[in-house]
Amino acid sequence: MNGYWAIFQMRIKVLFQYRAAAVAAMMAQLFWGILMTMIFRAFFSSTSNPEPITLSQSITFIWLGQALLQLLPWTIDRELEAQIKNGNVVYELVRPLDLYALWFVRSMSLRIIPTLMRCVPIFLVAGLFFDLEPPVSWGAGGIFCLSIICAVFLSSAITTLVLISLFWTLSGEGIQRLLPHLSLFLSGVSLPLPLFPQWMQLFLSIQPFRGIMDIPCRFYTGVIPVAHAWKYIGFQLFWIAILVWFGQFLMKRATHRFVIQGG
Amino acid sequence: MFFWKLISISIRSQMQYSASFLTLCLAHFLATSAYILGVWALFDRFHMVKGWTFYEVCLIYGIVNIGYGIAESFARGFENFSRTLIQGDFDRILLRPVRPLIQMATHDVQLMRLSRALQGGLVLAWSLSHFSFSMFSIQTLVIVFSIIGTASLFYGLLIIQAAISFWTIETLEIMSITTYGGLQAGQYPMSIYDRPFRLIFTILIPLSCVAYYPVAILLRHESIPIGWAVIAPLSGLIFLYLACRLWNFGARHYLSTGS
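These lines cover the structure that appears in this document, whether it is placed above or below. Starting afresh in each chain, residues are numbered from 1 along the sequence in its written order. Chains carry letters and ligands carry numbers; both start at the beginning, A for chains and 1 for ligands, and go up in the order they are written. Only residues with pLDDT of at least 70 get local features here, since the model is predicted, and only at 80 or more are side-chain atom pairs given and counted; chain-wide, interface and lining totals rely on the full set of residues. Remark: hydrogens and water are excluded; side-chain values derive from all non-hydrogen atoms of the structure.

A few words now on the overall build of chain A. Put simply, DSSP H or I for four residues or longer makes a helix, DSSP E for two residues or longer makes a strand, and each gets a number counted from the N terminus. The helix and strand tally for chain A stands at eleven helices and zero strands. As defined in this context, the radius of gyration uses C-alpha atoms, and a globule is described by 2.2 Å times the residue total to the power 0.38. The C-alpha atoms of chain A give a radius of gyration of 20 Å, which matches the 18 Å a tight globule of 263 residues would have. Principal-axis analysis of the C-alpha atoms gives chain A an extent of 70 × 40 × 35 Å. Per-residue accessibility, obtained with a 1.4 Å probe over protein chains only, is compared with the maximum for each type, and a residue is labelled buried under 20%, exposed over 50%, and partly exposed between these values. Burial statistics for chain A: of 263 residues in total, 55% are counted as buried. To measure how exposed things are, a 1.4 Å probe is used in the Shrake-Rupley method; for residues, cover is taken only from the protein chains shown. By element, 69% of the accessible surface of chain A is carried by carbon and sulfur atoms, the whole surface being about 12400 Å².

As structure tokens, this is what we get:
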């Protein structure tokens, strides 16, 4: 276990280097959040029908999405990608560590560090000036935190799976270009999932990306009452189990196929 | 003319890997199309926003996306400009007997990015099928001008972003708020935004002059004489001209970073 912990700490130090870029990206996120707030205000003001979620809930959804944006599985570890392409991944196999677990831990650090760096300032600015509301209750806040921890695992499992798929596709240019947009939409960051048309709701409610943002946001805003929380946490755990199992299965297939070139 | 020759070299080099090129085109097309889905979902639920219907908004969405798609296709040289400066490669560009600005514009032309323009074009065509504009009319003229104005404006912003690097060396990432943020904001009618926001995108960056006002005047959402719909997009060209002036000014005062 110590090995994984050491690698996790190393990655944290590396990722904390990029602070200036993080500030610029945060400004862009604030801009987008303010823009969406204005767009929602305009749309909600032109209807009097009851909608699945209220205006203030929608705005809170958008800000939570921006604060926790880096949780989305939209990038993969560049170094690991290079390892697969140039074949250095074989050195990793020599180490006395499970390759899947190693990659999973690296993917987790790729998700956690940028999120930690950005969530506090955005929470503060949006909370103080731009209508991000606090959780509806202490219970909702607690379940939200638990659900976010599940989201980290879920997102890391997806990231690792995409990484493993590179053993087959090598370039993965297509999937890497689509992944950010796919995860922005299916997780509900672009537009809160409850606002999508009724006939899409069934599909949206069973796909795994939902567990990364939509479920935590629903807890936070009280769309899902705390009493029903176990069902949704169970949904997240179910997808984590499936994706981890599938990732390990693919990893085993891939490592059995390896042909090491050279002397 | 060097311009076309440089472009054709750049395009032919991408066509060497045609399978990869087509995959990228398809991915970019799907990725950029996702956003119209978001707009559609909102309209499916709310039907209207400030008096605008979905197909009316699609007219603006189409124009802005075509304009942005064209601009970003010729912007690779400007996007990577800070690296060109840092590595001292700009010295080499200055030595060649072609204007630096033209060399940057034709550097690595990203044909793949035109798939955003294609996507915008499809949305625009679908939207136009709801109106009874004739082919040769002032409406068509306004839309064509509007596309030219929007492309020029976004191109101007990308050039300014690069020109700032002459002084800062590093790319000012914050400028992406004006380019990519402008794209996001410009897809909806400007009238739905708050006043300070509208003023920034009208006076400082004339985004609403190139896309929103022409369309709003055509569809009679703003009661302004139609002549203005033809004139307003020209502000995009003026913006582009000023951006080029700034870039050339920077280039004249450039001190090499290389050793």
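On to the interface of chain B and chain A, then. Contact definition: two residues touch when any of their heavy atoms are within 4.5 Å. At the junction of the two partners, chain B supplies 33 residues and chain A supplies 32 residues. We define buried area as the total accessible area lost by two parts upon association, computed with a 1.4 Å probe and summed across both. For the pair chain B and chain A, the summed buried area comes to about 2900 Å², and 77% of that belongs to carbon and sulfur atoms. Each salt bridge in this description consists of a side-chain nitrogen of Lys or Arg and a carboxyl oxygen of Asp or Glu lying within 4 Å of one another. At the junction of chain B and chain A, the tally comes to one salt bridge. Put simply, B:Arg45 and A:Glu51 hold a salt bridge, and the shortest N to O gap is 3.3 Å.

This paragraph deals with the pattern of salt bridges. A side chain with one charge may pair with a side chain of the opposite charge, provided their charged atoms come close. Residues and elements named next belong to chain B. Evaluated as defined, the whole model comprises seven salt bridges over all chains. Notably, a salt bridge pairs Glu79 with Arg113, separated by 3.1 Å at the nearest N-O pair. Here Glu79 is found in helix α4 (residues 76–79), whereas its partner Arg113 is found in the loop between α7 (100–106) and α8 (114–128), with 34 residues between them in sequence. Taking the relative accessible area as the measure of exposure, Glu79 reaches 32% and is therefore partly exposed. Judged by its relative accessible area of 10%, Arg113 is buried.

All names here are of chain A. Here Thr221 shows up in helix α10 (residues 214–221). Between the alpha carbons of Thr221 and Ala24 there is a distance of 28 Å; along the sequence they are 197 residues apart. With near-sequence residues (within four places) excluded, Thr221 lies in contact with Gln57, Thr60, Phe61 and Val136.

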